[in-house]
Amino acid sequence: MSTFKAPRGTYDLIPPVSAVYLAVREAISAPLKRAGYGYVETPGFEQVDLFSRGVGESTDIVTKEMYTLTQRSEGSERLALRPEGTASVLRAALEANLHKAGNLPVKLWYSGSYYRYERPQKGRYRHFSQVGAEAIGAEDPALDAELIILAVDAYKSLGLKNFRLLLNSLGDKECRPAYRAALQDFLRDLDLDEDTRRRVEINPLRVLDDKREAVQKQLTGAPMLRDHLCEACKEYHEQVRELLTAAGVAFEDDEKLVRGLDYYTRTTFEFVHGGLGSQSAVGGGGRYDGLSEMIGGPALPSVGWALGVDRTVLALEAEGVELELPATTEVFAVPLGDEARRVLFGLVTELRRAGVATDFAFGGKGLKNAMKSANRSGARFALVAGERDLAEGVVQLKDLESGEQKAIPFDTVVSEVRSAQG
């Protein structure tokens, strides 16, 4: 009988690598918690229309990459596995009327798995993990700057150095239509395939994001959005740039940066890392002032980002950064005999309840094999007890690094271990 394997384009997170992913998620979320962002969790699947309206019907995500679900009964709503987080989080905030609580912006962060049907390669999976943040209900360049700074601080706290921040403005509903028309006029004269020509008519800015060399070569001389920005958008973008500069955040102006989602307006940004090859983006986001109305809500100008956990881990590997992870086991208990098993198991429970990571030699192993398990666990100390120890009311506390060993009474095990930990 053949064994089952994880589906193509997916992966399992197992120890010890899973500990790195957990540490990355914690590092990304830590600055958000300090800045007043509350945790939100949404379902793994949503109505298809939420993404087709919000993300955009012309995007590859909706047209080619979204996993749709077969319903168990006819006439049911069409569902899809979530390909991104912003639309889901905004839907949840609207449904819960968080915007009516009178304290705007609503600041939320999330962490979870997302799904896109893509050609699997290193750094691009069909199942991937992100940590994201959304600030809903306020139009303020300081809010855009805050989110960017929080992301930069998260990366730096992990020890990453070789990432770059790309920054652009996509204008708004006042100035973008004129640019859109000018760009369409330019693109219609190019030698493009049928799918790309269709995209020109639906969302021409997405053509600027086309990574194919044959398309990029033809974009030389394309009209630039910066030349069409209204004064309000210019001023807004300049304020974002000034706030970032004052905070010591380096960035690069990228006039072709549009990102892959239709809902972005004004500020858009992307974090890239040179050690990831073609999949260089490790995260990004921007302002999406019209998304709430697109999905049936009131006008709620908002801004947010999502950082890829998978790609952040790859960036850490590329830089040779090894995170300092807490020990999974600090004490390993080795009983010699049935009575010692009963006594030591009770001490193990005490240590765990006192906050000490403790494991036990399960399976009735002999001393030699049990000590091998203790060493493999990474524990600093071993608790060993046999019949003679029990008769004297003590256990042996052994330092697995120095080899030093001393007898300690049962009732002082917790305090002695804590003292030995320093």
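Residues numbered from 1 in each chain as written. Predicted model: local features only at pLDDT ≥ 70, side-chain atom pairs only at ≥ 80, totals over all residues. Heavy atoms only, no water.

Considerations on helix α13 (residues 338–353)
Part 1: With 16 residues, α13 extends 23 Å from end C-alpha to end C-alpha; this agrees with the ideal 22 Å at 1.5 Å per step.
Part 2: The complete set of buried residues in α13 reads Ala 340, Val 343, Leu 344, Leu 347, Val 348 and Leu 351. Within α13, the buried residues cover an arc of 145° as seen down the axis, which keeps them to one side. The exposed residues of α13 that point more than 90 degrees off its buried face are Asp 338, Arg 342 and Arg 353. (Helix = DSSP H or I, 4+ residues; strand = E, 2+ residues; numbered from the N terminus. Expected span 1.5 Å × (residues − 1). Buried < 20%, exposed > 50% of the residue type's maximum accessible area, 1.4 Å probe, protein only. Arc of directions from axis to C-beta.)

Things to note about empty space enclosed by the protein
Over the atoms, a rolling probe the size of a water molecule traces out where space has been left empty.
Part 1: Enumeration according to the criterion identifies two cavities of 30 Å³ or more in this entry.
Part 2: If you add up the space inside the largest cavity, you get close to 40 Å³.
Part 3: What lines the largest cavity is Tyr 39, Val 40, Glu 41, Thr 42, Arg 82, Val 89, Tyr 110, Ser 111 and Tyr 114.
Part 4: The biggest single contributor to the lining of the largest cavity is strand β5 (residues 106–115), with three residues.
Part 5: Among the residues making up the lining of the largest cavity, the classes are represented as five nonpolar, two polar and two charged.
Part 6: In this structure, the second largest cavity occupies an estimated 40 Å³ of space. (1 Å grid on protein atoms, 1.4 Å probe; cavity = no way out; pocket = protein on both sides within 12 Å on 5 of 7 lines; lining within 4 Å. Points joined across faces, edges and corners; volume = space filled by probe spheres on them. Nonpolar A, V, L, I, M, F, W, Y, C, P; charged D, E, K, R; others polar.)

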